[in-house]
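One-letter residues, chain by chain:
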Amino acid sequence: MAHRFPALTADQKKELSEIAQRIVANGKGILAADESVGTMGNRLQRIKVENTEENRRQFREILFTVDNSINQSIGGVILFHETLYQKDSQGKLFRDILKEKGIVVGIKLDQGGAPLAGTNKETTIQGLDGLSERCAQYKKDGVDFGKWRAVLRIGDQCPSSLAIQENANALARYASICQQNGLVPIVEPEVLPDGDHDLEHCQYVSEKVLAAVYKALNDHHVYLEGTLLKPNMVTAGHACNKKYTPQQVALATVTALHRTVPAAVPGICFLSGGMSEEDATLNLNAINCCPLPKPWKLSFSYGRALQASALAAWGGKAANKKATQEAFLKRALANCQAAQGKYVHMGSSGAAATQSLFTASYTY
Amino acid sequence: MPHSYPALSAEQKKELSDIALRIVAPGKGILAADESVGSMAKRLSQIGVENTEENRRLYRQILFSADDRVKKCIGGVIFFHETLYQKDDNGVPFVRTIQDKGIVVGIKVDKGVVPLAGTDGETTTQGLDGLSERCAQYKKDGADFAKWRCVMKISERTPSALAILENANVLARYASICQQNGIVPIVEPEILPDGDHDLRRCQYITEKVLAAVYKALSDHHVYLEGTLLKPNMVTPGHACPIKYSPEEIAMATITALRRTVPPAVPGVTFLSGGQSEEEASLNLNAINRCPLPRPWALTFSYGRALQASALNAWRGQRDNAGVATEEFVKRAEVNGLAAQGKYEGSGEDGGAAAQSLYIANHAY
């Protein structure tokens, strides 16, 4: 322990830190377009479109060829492996289209879950084998950040110490390897919203998980200024009877982050989980209006919450391209405003109505 | 793990958080007047004064009889057990004098260091036995915060993993017990400046130690908003041939804290270690002028760096009491300014020269 063997040079640190800051600058967030083939199958089935490589390519093309103004609200896009090497109908690589818009290109790096024996159906994540070589290749192919999703669930005896420890460790190994190859690691320790637990319990679990993640990152000598965090918001379980306001979600979320995420982390980009597009935006806005000090950017890394309307508008038909792009642009803009606490919900009475819902001395 | 058994009620949390915020209110810091009988022996022998209880009482009286000027720069005073029950010449308990000035009373509760067998001269700190009962009594007797000092040193093979783990754990146990008794724990993981290591090495080790401390505090369910941190500044070892400016010390210190101390911690009150009075003020000032963003108050908890001149002026003579008190008030005001980055130095080059020494993109 006594000796320090620097993991990164000053130049490497500078590069990583600049990439991370670029992604979350000025209210920008991330489009998570990295659905695996299987997951895209689920999405396409809902709009009765066949899950072929061409259909997946077409949908992504519509999103990525949207007007350049998208770069005011989207700082980064996470791609699935297949998509990184796909082209638009003129033969231009998607990654070049995105980079020309000034958007940073990212790649999903994990290879899915694996069971942890001896636990109550808990999992860890695979993907460390050959990860360094894969990262090096992706960097050459234009990628500047990676994403790795660890999953924990709240339930009977869950998450167990082992699940927390193991997932935190795998995240830290992945982060370390990314940085060695010039990729900014997005660290995603998702605590699932499944269950009937209340808001307080989710907050408690989220705090324990995040404390373990940051201890692991420190142990693995990860350069925090060159990372981003992608956590769940703190919410009640889906089956919980109690309803909470966006302000309550915001206070619980920021309190948990406040207690665990060092100020050196430049940005926190929330996942949307199962939230509707509007809820994801309202919650993000409330988070940015929360009166607690917030030393990191609080933004978004949304999949469904950015694409649901666009998918519905598309319906698999090329003729719907304009409507699809408009739907996508609308959500992107809304979330960019929310990331600055400036989103005005249609039909609400604006800031005054929402501000009064913060209880001044609420102790979490 | 899955179940949350709240350690503190909402009222208890509010009380602790209010106390902590009062101590580190803008422009205020802590007078560490908790020297044990043994430590006072060293101080008094340096000015040729006998180490009797009366002399110790007379000396503390000099500090505590400071006029209202200290109200705006001293937020808390740490007492030694004996001093907590002493009175001034008029029979007024010191505790009351301090409280009447609106200053929070604190108490040293550790019982000194003991060796860790199988290590290279490393130690842990004792004092947990009966700590809860002692805290309850101190709370009744007017104390609202406590202090516990752990010590680590840098050398070829230290601090070892065991020393870090054990000291972090004992600090967390102490903190937990304090909070149960309405006392704000000041957590002090001091890394000694002895040695010839450079600034970077101290920074690296400080980051590792602080990461372990905050993981332990999380594991022990300590309420961070109701704690304070008393760390060393990041400095080179005393025997290091390289000289560093206050700005370099400031950069290294804040970088280390940003990577490890969650924003929920209301304040960081630096120890002065072996620094001279002026050095301690200049460094604190540079820390508060450092361009890196920081979410906690950065102030002082100084012993020698507040008292050296006062002790020297007193030299055990009653007639010198007034002059000695004045020396203390002077240092207190200087440090109050330094805690806001407003100290212009004792006549040397002022702010402009110092500002230019910040290297914009220095990677620590």
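Residues numbered from 1 in each chain as written. Chains lettered and ligands numbered in written order. Predicted model: local features only at pLDDT ≥ 70, side-chain atom pairs only at ≥ 80, totals over all residues. Heavy atoms only, no water.

1. What about the pairing of strand β2 (residues 74-79) of chain B?
Residues and elements named next belong to chain B. What counts here: Remark: exposure states derive from per-residue accessible area (1.4 Å probe, protein chains only) relative to the maximum for the residue type, with buried under 20%, exposed over 50%, and partly exposed in between. Labels follow the DSSP assignment, with helices taken as runs of H or I lasting at least four residues and strands as runs of E lasting at least two, numbered in each case from the N terminus. Two strands qualify as a pair provided DSSP detects at least 2 bridges between them.
With respect to burial, β2 is a largely interior element, six of its six residues being buried. As defined by bridge partners, strand β1 (residues 29-33) adjoins β2 across five bridges and the pair is classed as parallel. What sits directly across from Ala32, in β2, is Ile78. Judged from the four bridges that link them, β2 and strand β3 (residues 104-108) form a sheet pairing that is parallel. Residue pairing in the sheet places Ile78 in a bridge with Gly106 of β3.

2. Quick look at the pattern of salt bridges
Two side chains that carry opposite charge are able to pair once their charged atoms sit near each other. All names here are of chain B. What counts, and what does not: For this document, the term salt bridge refers to a Lys or Arg side-chain nitrogen within 4 Å of an Asp or Glu carboxyl oxygen.
If you walk through the whole model with that rule in mind, you get 43 salt bridges over all chains. When the shortest N-O distance is used, the salt bridge between Lys139 and Glu15 registers 2.8 Å. One end of the pair, Lys139, is in helix α6 (residues 131-140); the other, Glu15, is in helix α1 (residues 10-23), and 124 residues separate them in sequence. Here Lys108 ties to Asp34 by a salt bridge, and the two come within 3.6 Å at their closest N and O atoms. Here Asp34 lies in the loop between β1 and α2 (37-46) and Lys108 lies in strand β3, a separation of 74 residues in the sequence. Judged by relative accessible area, which is 16%, Lys108 ranks as buried. Take Asp34: its relative accessible area is 5%, and that puts it in the buried class.

3. What to know about the confidence of the model for chain A
Applicable threshold: Confidence of the predictor at the level of single residues is captured by pLDDT, which takes values from 0 to 100. Note on contacts: a residue pair is in contact if any heavy atoms of the two residues lie within 4.5 Å.
Taken as a whole, chain A shows an average pLDDT of 93; of its residues, 94% reach a score of 70 or greater. Long-range and interchain partners of residues 348-363 of chain A, a stretch whose pLDDT sits below 50, account for 14 contacts in this model, where long-range means more than four residues apart.

4. Things to note about the packing of aromatic side chains
To be explicit about the condition: Geometry of aromatic contacts follows a simple scheme: Phe, Tyr and Trp rings, the Trp one being its six-membered ring, pair when their centres are within 6.5 Å, and the pair is stacked under 30 degrees between planes, edge-to-face over 60, tilted otherwise.
According to the stated counting rule, one finds nine aromatic pairs over all chains in the structure shown. Ring geometry for Phe59 of chain A against Trp314 of chain A: centres 5.2 Å apart, planes inclined by 35°, an arrangement best described as tilted. One end of the pair, Phe59 of chain A, is in helix α3 (residues 53-64); the other, Trp314 of chain A, is in helix α11 (residues 304-314), with 255 residues separating them in the sequence. With a centroid separation of 5.1 Å and an interplanar angle of 25°, the aromatic rings of Trp148 of chain A and Tyr174 of chain A are classed as stacked. Here Tyr174 of chain A lies in helix α7 (residues 161-180) and Trp148 of chain A lies in strand β6 (residues 145-152), a separation of 26 residues in the sequence. Among the residues examined, Trp148 of chain A registers a relative accessible area of 0% and is labelled buried. A residue is classified by how much of its surface remains accessible, and Tyr174 of chain A, at 0% relative accessible area, is buried. An aromatic cluster is built from Phe64, Phe79 and Phe94 of chain B, whose rings are joined through pairwise contacts.

5. Considerations on the environment of Glu247 of chain B
All names here are of chain B. Relative to the helices and strands, Glu247 is located in helix α9 (residues 246-258). Looking at Glu247, the relative accessible area reads 7%, which means it is buried. In this structure, the C-alpha to C-alpha distance between Glu247 and Leu284, residues 37 residues apart in sequence, is 9.8 Å.

6. Describing the interface of chain A and chain B
Where interface size is quoted, it is often the accessible area lost as the parts come together. Note the cut-off: By buried area we mean how much accessible surface two parts lose on assembly, using a 1.4 Å probe and totalling the loss over both. Between N or O atoms, a polar contact is any pair within 3.5 Å; within protein, one atom must be a potential hydrogen donor and the other a potential acceptor, and residues adjacent in sequence are included only when both atoms are from side chains.
Across the contact, 38 residues belong to chain A and 39 residues belong to chain B. Taking both partners together, chain A and chain B bury about 3300 Å²; carbon and sulfur atoms supply 60% of that area. Here chain A is connected to chain B by two salt bridges. Across the pair Glu225 of chain B and Arg259 of chain A runs a salt bridge whose closest N-O atoms are separated by 2.8 Å. Inspection of the region where chain A meets chain B yields nine residue pairs in polar contact (both at pLDDT 80 or more). Contributing elements (two or more residues each) for the side of chain A that touches chain B: α1 (10-23), α8 (199-219) and α9 (246-258) of chain A.

7. Some remarks on the environment of Asn181 of chain B
Residue and element names in this part refer to chain B. Inspection of the secondary structure assignment puts Asn181 in the loop between α7 (161-180) and β7 (184-191). The exposure class of Asn181 is buried, given its relative accessible area of 17%. Here Asn181 is in contact with Ser132, Cys135, Ala136 and Lys139, once residues within four sequence places are set aside. Engagement of the side chain of Asn181 in a polar contact is seen with the side chain of Ser132, the distance being 3.1 Å.

8. Thoughts on unusual backbone geometry
With an omega dihedral of -10°, the bond running from Cys158 of chain A to Pro159 of chain A counts as a cis peptide bond. Looking at where Pro159 of chain A falls in the secondary structure, it is placed in the loop between β6 and α7. That bond from Thr158 of chain B to Pro159 of chain B is cis: its omega, 0°, falls within 30 degrees of zero. Despite not being glycine, Asn26 of chain A shows a phi value in the positive range, around 50°. Within the fold, Asn26 of chain A resides in the loop between α1 and β1 (29-33). Asn26 of chain A gets classed as exposed once you look at its relative accessible area, which sits at 59%. A positive phi angle, near 60°, is found at Lys121 of chain A, a position not held by glycine. On the secondary structure map, Lys121 of chain A appears in the loop between β4 (113-115) and β5 (123-125). Taking the relative accessible area as the measure of exposure, Lys121 of chain A reaches 70% and is therefore exposed.

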